[in-house]
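Take a look at the letters that make up each chain.
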Amino acid sequence: MGVADRGASWWAGILDVVFPPRCVACGSRGTPLCGTCLATITPPDGLQCAGCQRLLPADARVGLCPRCAEAGTMPLDGVLVAARYDGVSRRAIWALKYGGQRRLAEPLGDLLAGLVGHVPVGADLVVPIPLHATRRRRRGYNQAELLASRCAAALGLEMRADVVRRVRETPPQVGLGAVARRDNVAGAFALAHGMAPHVVGRHVLLIDDVRTTGATMSAAAAPLRAAGAASVWGLTVAQPRLGDDAAAPVKSARIRETFG
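The rules behind these values
Residues numbered from 1 in each chain as written. Predicted model: local features only at pLDDT ≥ 70, side-chain atom pairs only at ≥ 80, totals over all residues. Heavy atoms only, no water. Buried < 20%, exposed > 50% of the residue type's maximum accessible area, 1.4 Å probe, protein only. Helix = DSSP H or I, 4+ residues; strand = E, 2+ residues; numbered from the N terminus. Contact = heavy atoms within 4.5 Å. Salt bridge = Lys/Arg side-chain N within 4 Å of Asp/Glu carboxyl O. Pairing = 2+ DSSP bridges. Right-handed = clockwise from strand over helix to strand, strands pointing away. Disulfide = S-S within 2.5 Å. Axes fitted to C-alpha atoms, helices over the stretch in contact; angles between N-to-C directions.

**Here's the deal with helix 5 (residues 105-113)**
Regarding helix 5, the residues found buried are Ala105, Pro107, Leu108, Gly109, Leu112 and Ala113. At its buried positions, helix 5 is contacted by helix 2 (35-38), helix 4 (87-97), helix 7 (143-155), strand 6 (203-210) and strand 7 (231-239).

**Remarks on the pattern of salt bridges**
For the coordinates displayed, the defined rule picks out 10 salt bridges. Arg150 is paired through a salt bridge with Asp110; the nearest N and O atoms lie 3.0 Å apart. Of this pair, Arg150 sits in helix 7 while Asp110 is found in helix 5, placing the two residues 40 residues apart along the sequence. Here Asp162 makes a salt bridge to Arg160, at a shortest N to O gap of 2.8 Å. Classification of Asp162 as partly exposed rests on a relative accessible area of 36%. Among the charged side chains, a salt-bridge network with shared partners connects Asp124, Glu158, Arg160, Asp162 and Arg202.

**Digging into the pairing of strand 6**
The two faces of a sheet get side chains in turn, since along a regular strand they alternate between them. Burial of strand 6 is extensive: seven of the eight residues sit out of reach of the surface. The pairing of strand 2 (residues 125-128) with strand 6 spans four bridges and is parallel. Along strand 6, the bridge assignment pairs Val127 with Leu206. Here strand 6 pairs with strand 7 via seven bridges, running parallel. Directly across from Asp208, in strand 7, lies its bridge partner Thr236. Between strand 6 and its parallel partner strand 7, the chain crosses via helix 9 (residues 215-226), and the hand of that crossover is right-handed.

**Remarks on the state of the cysteines**
Within this structure, the stated rule accounts for zero disulfides. Summary of cysteine pairing: Cys26 is not part of a disulfide, and the nearest cysteine sulfur, belonging to Cys34, is at 3.7 Å. Overall, Cys26 belongs to the partly exposed group, its relative accessible area being 49%. Unpaired in this structure, Cys37 has its nearest cysteine sulfur neighbour in Cys34, at a distance of 3.5 Å. Accessibility expressed as a relative area gives 11% for Cys37, which makes it buried.

**Side note on the pairing of strand 1 (residues 78-84)**
The buried fraction of strand 1 amounts to six of the seven residues, a majority that puts the element mostly inside the structure. Here strand 1 pairs with strand 7 via six bridges, running parallel. Along strand 7, the bridge assignment pairs Val81 with Thr236.

**With respect to the sheet that holds strand 2**
Hydrogen bonds between backbone groups are what pair the strands of a sheet, and the pairing can be parallel or antiparallel. Across the sheet, which stays open at both edges, the five strands sit in the order 1-7-6-2-3 with parallel pairing between neighbours. Whereas interior strands pair on both sides, the edge strands pair on one side only; in this sheet they are strand 1 and strand 3 (158-159). Packed on one face of the sheet, helix 7 meets strand 2, strand 3, strand 6 and strand 7 and runs near 130° to strand 6.

**Section: the environment of Val204**
Following the sequence through the fold, Val204 ends up in strand 6. When its relative accessible area of 1% is taken as the criterion, Val204 is described as buried. Residues Val204 and Ala229 lie 25 residues apart in sequence; the distance between their C-alpha atoms is 7.0 Å. Look past the residues within four positions of Val204 in its chain and what remains in contact with it is Leu125, Val127, Leu224, Ala229, Ser231, Val232 and Trp233.

Okay, here's the thing in structure tokens:
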């Protein structure tokens, strides 16, 4: 955690004392997401193929359908999703991503940590999907990095946010179709200079908040596999249907009013 992040954490603690947080779903005081509302988050129907997103059999021990596995072109070994993108999960993700409520990375990161037991090869390195430097400065933080930090801490794993970098700023994926999303992020990620020794032979968990078509996660996984990662599994809080992410608020003032 950097100096700026430690400062933000200290200041957030002071604000919590003066202005106790409210649950993003029910408004109860004391926590950004209360246990009652957290318990209502619904898991997805089942494991989807990381390539074509077809539903895999309930007893599947790999994250790719036979067709995508045979093709041998997928940088991801599989993707695990913690929740359906609706109700409480949707409000929590919006508030974390657009509303500045960083504390929501704690319960959502714990949800991600709970998925790791389903990764057949285990894991030894956690990597967040990076934001472009311009967008990170504008937002003030990377929500995927906050989630990855919490998930890694819960699992006792190493987390590195400096392994993959975003080399090209891309327009937001919100509202784009599947092909446009893939084209939008093509070549947008690269392995950071000197990071190959930290990746070779490692079993990587790649963390993001939302996965729709999987284009961003696949693009970020590609340089990890090219650098010699033994496996790359994606973990994401929720997966909306294509287009369901298009209603996200765009004005920060409106978001802060909505989420408190």
